[in-house]
Amino acid sequence: MSRLILKNIETIVSGDIKRPLLKGDAILIEEGKIAGIGRFDDLKPGRNDTLIDCAGTTVTPGLIDSHCHPVLGDFTPRQKQLGFLESQLHGGVTTTISAGEVHLPGRPKDPAGTKALAILAAKSFANFRPGGQKVLGGAVILEKGLTKRDFEEMAAEGVRTVGEVGLGSIKNPAEAAPMVQWARDAGMVVMMHTGGTSIPGSSTVTADMVIQTDPDIVSHINGGPTAVSMEEVEKLVRETTLALEIVHCGNPKVAVEAANLCVEAKALDRIIIGNDAPSGTGVIPLGILRVIAHLASLSSVKAEEAVCMATGNCARIHRLPRGLIAEGREADLVIMDTPMGSIGSNALAAMEAGDVPAVAMVLVDGEIVVPKSRNTPPPVRKPLVARSWRGDDGEE
Ligand SMILES: [Zn+2]
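This one's a predicted model, so the numbers in the text were calculated from it and none came from an experiment.

Rules of the game
- Residues numbered from 1 in each chain as written.
- Predicted model: local features only at pLDDT ≥ 70, side-chain atom pairs only at ≥ 80, totals over all residues.
- Heavy atoms only, no water.
- Donors = N, O, S within 2.8 Å, 3.2 Å for Na, K, Ca; no water.
- Helix = DSSP H or I, 4+ residues; strand = E, 2+ residues; numbered from the N terminus.
- Buried < 20%, exposed > 50% of the residue type's maximum accessible area, 1.4 Å probe, protein only.
- Pairing = 2+ DSSP bridges.
- Axes fitted to C-alpha atoms, helices over the stretch in contact; angles between N-to-C directions.
- Left-handed = near helix turned anticlockwise from the far one by under 90°.
- Contact = heavy atoms within 4.5 Å.
- Nonpolar A, V, L, I, M, F, W, Y, C, P; charged D, E, K, R; others polar.
- Phe/Tyr/Trp six-rings, centres within 6.5 Å; stacked < 30°, edge-to-face > 60°.
- Lys NZ or Arg CZ within 6 Å of the ring centre and 35° of its normal.
- Expected span 1.5 Å × (residues − 1).
- Polar contact = N/O pair within 3.5 Å; in protein donor to acceptor, adjacent residues only side chain to side chain.
- Salt bridge = Lys/Arg side-chain N within 4 Å of Asp/Glu carboxyl O.

**Re the coordination of the zinc ion**
Note on the zinc ion: its protein donors are Glu-164 (OE), His-193 (ND1) and His-220 (NE2). The metal-donor distances range over 1.8 to 2.3 Å. Along the chain, the residues donating to the zinc ion fall in the pattern E-x28-H-x26-H. In this pair, Glu-164 sits in strand S14 (residues 161–165) while His-193 sits in strand S15 (residues 189–193), placing the two residues 29 residues apart along the sequence. Both residues of the pair, Glu-164 and His-193, count as buried.

Right under this line is the structure:
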């Protein structure tokens, strides 16, 4: 059995917002899954284990971007760029979730074409990992004419999500609500665009429209890019139990105010973090880390809580078997540290100082997919791989 142990970890962020920090200095990985957390010696290191000496850095679950607009492959027609998903992996994102493949040139809007696109995107991304990153593609856009049977068929073919309600021809809650129910009956998670009109052809969505439609996720409560009023934010926080998404390509002021409101309302377990790129704002490889640093430095959310929003919270809402450093979870991990020159003494302190942390290494299913980020500043401490126990202690 292949075993990997991460040792000399200074801080372990669990991903579980109820208990964000874990005791211990080591993580054991077996067959791509987390098999133990604790003191290095207690994990019974063996001679054939591969070791990563984390050199006093911080380990977090791989970040999950709850809001992306891919199409097919690692290409965005919206900003005409190749490799944006792989580039985001260098920002610590190990899972990206589609909020709808709306940027496909000539996107069909009839039921057959709409279904075909969702199924194709779901199946092609299930087979394709850009740079090693997992992509949950195929978020169906609600268009006129879709039936209950269509949702059952799409679900059976691997479509797990409904992309932002409001981006397709179904615009008002009276039309959307029955489809949302069909989608949910088929086991799908439903996102709903919230706030001002994003691009010509889509629509403005108010808090009342969200409440009447009853999705699972309030997409970009801080706007994508134009936010609803704080009165509407307050309504969504206090009068619903919906998941609340804060995105990079939204309104940064409302992001902070919404986060503070959630601290007050004890609703931190409902916040998830997305990029909402590619979009008119661009392609932002460090978007998720930037939102984490933004919230950790300017709102009353702690750095480790912000990390949990971008990991365990999102995994729970999308029912993904990752996002936590816990036994049995997929070993998608980020080793991070304070970036060179930051006033923060470690990754979490750097975030609270407003700095984007340094991604020192990224693992997916226990395999190193990024040995050193090309997009963040370099870390102060650098993890080191010893291929085996023998290699580590120098014996033959
Ligand atoms: Zn949107």
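Back to the text.
**Considering the sheet that holds strand S5 (residues 33–38)**
With respect to topology, five strands assemble into an open sheet ordered S5-S4-S1-S6-S22, the strand pairing being mixed. At either margin of the open sheet sits one strand with a lone partner, and together these are S5 and strand S22 (384–386). Within the sheet, the average angular offset between the axes of one strand and its neighbour, ignoring direction, is 20 degrees. Sheet topology places strand S1 (residues 3–7) next to strand S6 (residues 50–53); four bridges connect them, and they run parallel.

**So, the packing of helix H8 (residues 287–298) against helix H9 (residues 303–318)**
Here H8 crosses H9 at 145 degrees, and the two axes come no closer than 8 Å. Crossing of H8 over H9 shows right-handed handedness. Here Ile-288, Ile-292, Leu-295 and Ala-296 of H8 lie close against H9, whose contacting residues are Ala-303, Ala-306, Val-307, Met-309 and Ala-310. Across the contact of H8 with H9, the residue classes break down as nine nonpolar, no polar and no charged.

**Brief notes about the sheet that holds strand S21 (residues 367–370)**
Read from one edge to the other, the open sheet built from six strands follows the order S3-S2-S7-S19-S20-S21, with strand pairing classed as mixed. Looking along the sheet, the strands with just one partner apiece sit at the ends: strand S3 (21–22) and S21. In terms of strand pairing, strand S2 (residues 11–13) meets strand S7 (residues 58–61) through two bridges, oriented parallel. Bridge assignment links Ile-12 to a residue of S7, and that residue is Val-59.

**A look at the packing of aromatic side chains**
Overall, the coordinates contain two aromatic pairs when judged by the stated rule. A centroid spacing of 6.3 Å and a plane angle of 50 degrees characterise the contact between Phe-151 and Trp-182, whose relative ring orientation is tilted. Of this pair, Phe-151 sits in helix H3 (residues 148–156) while Trp-182 sits in helix H4 (residues 173–185); the two residues are 31 residues apart in sequence, bridging distant segments of the chain. A relative accessible area of 0% means that Phe-151 is categorised as buried. Above the plane of the ring of Phe-40 lies Lys-7, whose end atom (NZ or CZ) is 5.2 Å from the centre.

**Quick word on unusual backbone geometry**
Peptide bonds are trans in most cases, and residues, glycine excluded, mostly fall at negative phi. Note that the residue after Gly-224, namely Pro-225, is joined by a cis bond; omega there is 0 degrees. Its location among the elements puts Pro-225 in the loop between strand S16 (217–219) and helix H6 (230–239). Omega for the peptide link from Ala-277 to Pro-278 comes to -10 degrees, which places this bond in the cis form. Inspection of the secondary structure puts Pro-278 in the loop between strand S18 (271–274) and H8. Phi is positive for Lys-44, which is not a glycine, with a value near 50 degrees. Structurally, Lys-44 is set in the loop between S5 and S6. A relative accessible area of 65% places Lys-44 in the exposed class. Look at Asp-365: it is not a glycine, yet its phi comes out positive at around 50 degrees. Along the chain, Asp-365 falls in the loop between strand S20 (358–364) and S21.

**Structural notes on the environment of Leu-136**
Here Leu-136 shows up in strand S12 (residues 134–136). For the pair Leu-136 and Ala-122, spaced 14 residues apart in sequence, the C-alpha separation works out to 6.7 Å. The contact partners of Leu-136, leaving out residues within four places of it in the chain, are Thr-96, Ile-97, Ser-98, Arg-160, Thr-161, His-318 and Leu-320.

**Remarks on helix H7 (residues 252–264)**
Helix length check: H7 (13 residues) gives 19 Å between terminal C-alpha atoms against 18 Å at 1.5 Å per residue, within 8%. Within H7, the full set of buried residues consists of Val-254, Ala-255, Val-256, Ala-258, Ala-259, Leu-261 and Cys-262. Check the buried side of H7 and you find it contacts H6, strand S17 (243–247), S18 and H8. The N-terminus of H7 is capped by Asn-251, whose side-chain oxygen sits 2.9 Å from the backbone nitrogen of Lys-253. Lys-266 lies just past H7 and shows a positive phi near 50 degrees.

**A word on the environment of Ala-296**
Residue placement: Ala-296 occurs in helix H8. Separated by 57 residues in sequence, Ala-296 and Ala-353 have C-alpha atoms that sit 7.9 Å apart. Look past the residues within four positions of Ala-296 in its chain and what remains in contact with it is Val-301, Ala-303, Met-351 and Glu-352.

**Comments concerning the pattern of salt bridges**
Scanning all chains against the criterion turns up 24 salt bridges. Residues Arg-238 and Glu-234 are paired through a salt bridge, measuring 2.8 Å at the closest nitrogen-oxygen approach. Placement of the pair is Arg-238 and Glu-234 together in helix H6, with a separation of four residues, close to one helical turn. The class of Arg-238 is partly exposed, set by a relative accessible area of 42%. A residue is classified by how much of its surface remains accessible, and Glu-234, at 33% relative accessible area, is partly exposed. One network of salt bridges, with partners in common, ties together Arg-129, Lys-134, Arg-322, Glu-330, Asp-332 and Asp-365.

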